Amino acid sequence: MGLQQLSSFAETGRTFLGPLKSSKFIIDEEYHESVLISSTVRLLESLDLTGAVGQLLSEAVQAQNNTYRTGASTLLFLVGAWSSAVEECLHLGVPISIIVSVMSEGLNFCSEEVVSLQVPVHNVFDHMDNTKTFSQLETFSASLCPFHQSPSNTDLIEEEHGLKDVTSQTLTISNLSGRPLKSSEFFKPRTAVEADKNTSQTLKNSLLADTCCRKSVLIHSRHFNRTNNSERVSKPDGFQEHVTATLKTYRCKDLIELAVGLSHGDHSSMKLVEEAVRLQYQNACVQQGNCMIPFMFDISRIFTCSLPGLPETTSCVCPGYITVVSVSNTTVIKELQNQPVRIVLIEGDLTENYRHLGFNKSANIKTVLDSMKLQKDSSEELWANHILQVLIQFNVNLVLVQGNVSEHLIEKCINSKRLVIGSVNGTVMQAFAEAAGAVQVAYITQLNEDCVGSGVSVTFWRNSPLDVVDRNNRIAILLNIEGINLVTAVLTSPVTAQMQSKEDRFWTCAYRLYYALKEEKVFLGGGAVEFLCLSSLQILAEQSLKKENHACSRWFPNTSSWLASSLAIYRPTVLKLLANGWQKYLSTLLYNTANHSSEFEASTYVQHHLQNAIDSGSPSSYILNEYSKLNRIFNSDISNKLEQIPRVYDVVTPKIEAWRRALDLVLLVLQTDSEIITGRGHTQINSQELEGFLFL
């Protein structure tokens, strides 16, 4: 069945979960070429997903990646974990309608609970001129992974955190048992840590109140009518508390700390991203004359240029546009690099037969040749000569073309010391149009003086261009002009098979930082969000067991008595199985970081701390309390200088959307499987034939 296929596909990507990924080699059977991959997206691209379920999974992962460039591994893992949970529900006889409604309810409940772990991100560009740089925090590269072991004897560089305490106030909180919240041992490492003895009482009592009533979360189901949005759902009693504590709100006001927290251990990629943001910010300040206008990170103006065969230390970020051209252009570039160049921008192809979209060829026109036939290439030769004359007329030495370029024309331009570059991104074209004062045209015959830009510089990327010739005999060049809003990250690696993975990791870091700045909020990371979902669902399931049957009808006031009674019976079971998905998620993360010898040991470790969090009565307050001391959770070893360990962050919307896509896919496959016509009802099959089958 489809759910089993989803579980099988998800198993292939378990090693990609977490900051310490185990890469895989994918070998092409036809060409016998290999590529090193460390992402879910590249893995699914290499698998044979011809079936309907495989196609649905691939589309869900591609949709997540195309939009957010992060969260695909989380999506794939949760698809597998929740597929297994749904299968277990079916084995226990839970009706499909109950599975759909309660799992949707549970995920919406989690999405509301994790709001308490959001950290505001404001004014991160106010401290761009300080002396702290990204490289100063590279000492923490080992500890940046949410579950990584930190060396206890490492001399950590002192760091001024950007998370500031704000006005303290009192709130009223009560726990599940009605007793005061106790100080927990949840986040303590297995090896004794004495540093927390001197931790202030304020940090130990950091709490954040759970607020607002819950709306009915069943908003899309073919089994029930949509509930009234105005009707509220009362929150389980276990989440209302009565103990006074000090509120501590976290804020992130420093770009470096935000970048480090979102790097998830990938320092090299995030350092390039942070430098690209700085270049954009500096360019914006120069163009505006001051920094009064709020700066927005424009990820569409960031580009990459991959150069395999070079050491990784040569990776860098440069203002302008870096691209590769044929080695045959070396003489042309040497001729142009010491002078300002005039530029022309062609928004289509630069070929003889190119016609713009919507062009209608004239009808009823015939060409008659009298005595001799023209040579096959004579028309292209005439066209190329004409184009060259136009370029000479306007003294143009650089042509950027969005589409393809005639090879014959390129050769002629090289001979006349003119550089033509094809397949240029449209955003790059627009950036040069803005900075050089050029106007894009569809045909070069449309050129006039007003369409030609000026002031562009053309240079080699490095002083010794022959040092960066790739296996296709191409060299890297830099096109730049004062004021251009364009930044290029040069990615290098001595291993060609790693280039795709390196570029993927760069864009993952770039989009994490982009969404954090765009939404002006992040999650506390290091497994805190997933643990809150796990513990909250466990408490919710325990509360459901204690309720009377009629009390469950409050969650769905418009539904029948059959649904209410069914919810009373099955709701705790479904919620616990949904929570098991989070437990598997955290256990796999711990196991992948090699802190535990087996997933069973990691699961036991999580379960032990889960019970401590449940006993506290408020998982969110518990996590905030412990996070304020260690800046992360599930560490196996912690340095004595806890205040110097940087925090780990997660982006908000991409993470939530990965959860939703995963559950939506699982429930879609479940409902599709349930409607498959088998040809005869299972009641017509004898008991011997039933063995080994599961009917929905």
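Since the structure is predicted, the reported quantities are computational estimates derived from the model, not experimental observations.

Caption draft 1: Layout of the side chain of Ser 39. With respect to the helices and strands, Ser 39 occurs in the loop between strand E2 (34-37) and helix H2 (40-46). What makes Ser 39 buried here is its relative accessible area of 18%. In this structure the side chain of Ser 39 is engaged in a polar contact, spanning 3.4 Å, whose partner is the backbone nitrogen of Arg 42.

Caption draft 2: Fine view of the packing of aromatic side chains. A full pass over the atoms with the stated rule returns 16 aromatic pairs. The interplanar angle of 70° and the centroid separation of 6.2 Å between the aromatic rings of Phe 297 and Tyr 514 together place this pair among those described as edge-to-face. Of this pair, Phe 297 sits in the loop between helix H8 (267-288) and strand E8 (302-308) while Tyr 514 is found in helix H13 (residues 499-519), placing the two residues 217 residues apart along the sequence. Comparing Phe 297 with Tyr 514, the two get one shared label, buried. Taking 6.1 Å as the distance between ring centres and 75° as the angle between the ring planes, the aromatic pair formed by Tyr 511 and Tyr 514 counts as edge-to-face. You can see Tyr 511 and its partner Tyr 514 sitting in helix H13, 3 residues apart, about one turn around the helix.

Caption draft 3: Focus on the packing of helix H1 (residues 2-11) against helix H3 (residues 52-68). Interaxial distance between H1 and H3 falls to 9 Å at its minimum, and their mutual angle equals 50°. Considered as vectors, H1 and H3 are oriented oblique to each other. Once H1 is placed against H3, the crossing between them reads as right-handed. Residue-level inspection shows Gly 2, Gln 5, Leu 6 and Phe 9 of H1 in contact with H3, the latter providing Val 53, Gly 54 and Leu 57.

Caption draft 4: Broad picture of the confidence of the model for the chain. Confidence along the chain averages 77 in pLDDT terms, with 70% of residues attaining 70 or more. Counting contacts from residues 548-555, a segment whose pLDDT is below 50, to residues more than four positions away or on other chains yields 15 contacts.

Caption draft 5: Region of the structure containing helix H12 (residues 426-436). Here H12 has its buried residues at Val 428, Met 429, Ala 431, Phe 432, Ala 433 and Ala 436. Of the residues that open H12, the one with a side-chain oxygen 2.7 Å from the backbone nitrogen of Thr 427 is Asn 425. Looking one or two places after H12, you find Gly 437, whose phi comes out positive at around 75°.

Caption draft 6: Structural context of the pairing of strand E16 (residues 487-493). When you tally the buried positions in E16, you get 7 out of 7 residues, the bulk of the element. Residues Val 487, Ala 489, Leu 491 and Ser 493 point to one face of E16 and Thr 488, Val 490 and Thr 492 to the other, with burial holding for every one of them. As paired elements, E8 and E16 share 7 bridges and run parallel to each other. Following the sheet pairing, Phe 303 is matched in E16 by Thr 488. One ladder, built from 4 bridges, connects strand E9 (residues 316-319) with E16; its direction is antiparallel. Among the inter-strand pairings, Pro 319 is bridged to a residue of E16, identified as Val 487.

Caption draft 7: Inspection of unusual backbone geometry at higher detail. Phi angles above zero are rare outside glycine, and His 264 is one such case at about 50°. Mapped onto the fold, His 264 is located in the loop between helix H7 (255-263) and H8. Positioned with a positive phi, Lys 417 is a non-glycine residue whose angle comes to about 65°. Here Lys 417 lies in the loop between helix H11 (407-415) and strand E13 (419-421). Take Lys 417: its relative accessible area is 32%, and that puts it in the partly exposed class.

Caption draft 8: Up close: the sheet that holds strand E18 (residues 649-650). Spatially, 3 strands are ordered E3-E17-E18 in an open sheet, and the strand pairing comes out antiparallel. Bordering the open sheet on either side are strand E3 (118-120) and E18, each of which pairs with just one other strand. Pairing geometry for E3 and strand E17 (residues 521-524), over 3 bridges, is antiparallel. Its bridge partner being in E17, Val 119 is matched across the sheet by Val 522.

So, how was this worked out
Residues numbered from 1 in each chain as written. Predicted model: local features only at pLDDT ≥ 70, side-chain atom pairs only at ≥ 80, totals over all residues. Heavy atoms only, no water. Helix = DSSP H or I, 4+ residues; strand = E, 2+ residues; numbered from the N terminus. Buried < 20%, exposed > 50% of the residue type's maximum accessible area, 1.4 Å probe, protein only. Polar contact = N/O pair within 3.5 Å; in protein donor to acceptor, adjacent residues only side chain to side chain. Phe/Tyr/Trp six-rings, centres within 6.5 Å; stacked < 30°, edge-to-face > 60°. Axes fitted to C-alpha atoms, helices over the stretch in contact; angles between N-to-C directions. Parallel < 35°, antiparallel > 145°, perpendicular 65-115°, else oblique. Left-handed = near helix turned anticlockwise from the far one by under 90°. Contact = heavy atoms within 4.5 Å. pLDDT = per-residue confidence, 0-100. Pairing = 2+ DSSP bridges.

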